[in-house]
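Okay, here's what each chain looks like letter by letter:
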Amino acid sequence: MHAAMGIWRYDRWRLPLLPVLLLATTLFATVQVQATTAVPGEPAPDFALKDATGKNVRLSEWRGEVVMLNFWADWCGRCSEQLQELDRLQKQYAANGVRVVAINIDKDAQPTTEASRRLNLMVLHDRERSVARQYDLSDLPLTVLIDAHGNVRFVHEKYRDRDVALYDEELTKLIRE
């Protein structure tokens with residue numbers, strides 16, 4: 001490399017160093033994101049988070065069960081509405097081996113603690129948003145349905161009232177498999 005010119009020399013090719021480094025960094029980052037994103041048909045990214053009592057919980061502990069993950073935040077109005085429906089789904093399908101898990105992404109643990117007191121579903125806290133990054137959270141709420149083999153089957157961004165009927169249909173399908 002010629003420091004004065006800012007050029008990296010490789011055989012006969014002369015490439016500006018900064019664009020080469022940026023391209024390499026971008027390609028590496030893209031590969032990492034794709035490796036951990038929740039993609040239907042692919043294994044669900046495993047994680048460990050604390051519940052409201054401080055106990056560590058791992059997704060892989062629920063292998064053999066249908067798992068519905070829901071990412072939410074206290075400031076998200078639609079998330080609060082959806083949590084009530086998810087709580088109903090937990091009650092309805094618990095006997096069929098379904099586990100509904102709400103993952104709060106707020107920095108403060110208070111919403112997680114309050115939700116765990118009033119809901120029957122498991123509430124976990126992702127303070128650092130590491131699991132949210134694994135699942136490529138881009139909009140709230142995000143709901144991911146995972147089959148008993150640990151594979152992502154359905155991914156739903158945002159929440160609309162009609163989604164409840166779709167969740168019922170998808171959970172029934174996964175239970176029957």
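Check the entry above for the structure.
Report follows, based on the coordinates. Fair warning: this is a prediction, and the values are worked out from it, not measured in the lab.

Reading the values: rules and limits
- Residues numbered from 1 in each chain as written.
- Predicted model: local features only at pLDDT ≥ 70, side-chain atom pairs only at ≥ 80, totals over all residues.
- Heavy atoms only, no water.
- Helix = DSSP H or I, 4+ residues; strand = E, 2+ residues; numbered from the N terminus.
- Expected span 1.5 Å × (residues − 1).
- Buried < 20%, exposed > 50% of the residue type's maximum accessible area, 1.4 Å probe, protein only.
- Axes fitted to C-alpha atoms, helices over the stretch in contact; angles between N-to-C directions.
- Parallel < 35°, antiparallel > 145°, perpendicular 65-115°, else oblique.
- Left-handed = near helix turned anticlockwise from the far one by under 90°.
- Contact = heavy atoms within 4.5 Å.
- Pairing = 2+ DSSP bridges.

This part covers helix α5 (residues 163-176). Helix length check: α5, at 14 residues, gives a terminal C-alpha distance of 20 Å against a target of 20 Å (1.5 Å per residue), a fit within 8%. Within the sequence span of α5, burial applies to Asp163, Val164, Tyr167, Asp168, Glu170, Leu171 and Leu174.

Okay, the packing of helix α2 (residues 77-93) against α5 next. For the pair α2 and α5, the least separation of the axes is 11 Å and the interaxial angle reads 30°. It follows from the interaxial angle that α2 and α5 lie roughly parallel. Viewed along their axes, α2 and α5 form a crossing whose handedness is right-handed. Contacts from Gln82, Glu85, Leu86, Arg88, Leu89, Gln92 and Tyr93 in α2 reach Val164, Tyr167, Asp168, Leu171, Thr172 and Ile175 in α5.

Ordered by their spatial adjacency, 7 strands build an open sheet running β4-β3-β7-β6-β5-β8-β9, and the pairing between neighbours is mixed. Since the sheet does not close on itself, it has two edges, and those belong to β4 (56-58) and β9 (152-157), each with one partner. Between one strand axis and the next, the sheet turns by 30° as a mean value, whatever way the strands run. Bridge count between strand β6 (residues 98-104) and strand β7 (residues 122-125): 4 bridges; the pairing is parallel. Pairing of alanine 102 across the sheet is with valine 123, part of β7. Packed onto the sheet, helix α3 (residues 110-118) meets β5 (66-72), β6 and β7 and runs at close to 175° relative to β7. Together, β5, β6, β8 (142-146) and β9 form the strand contacts of α5, whose direction differs from that of β9 by roughly 170°.

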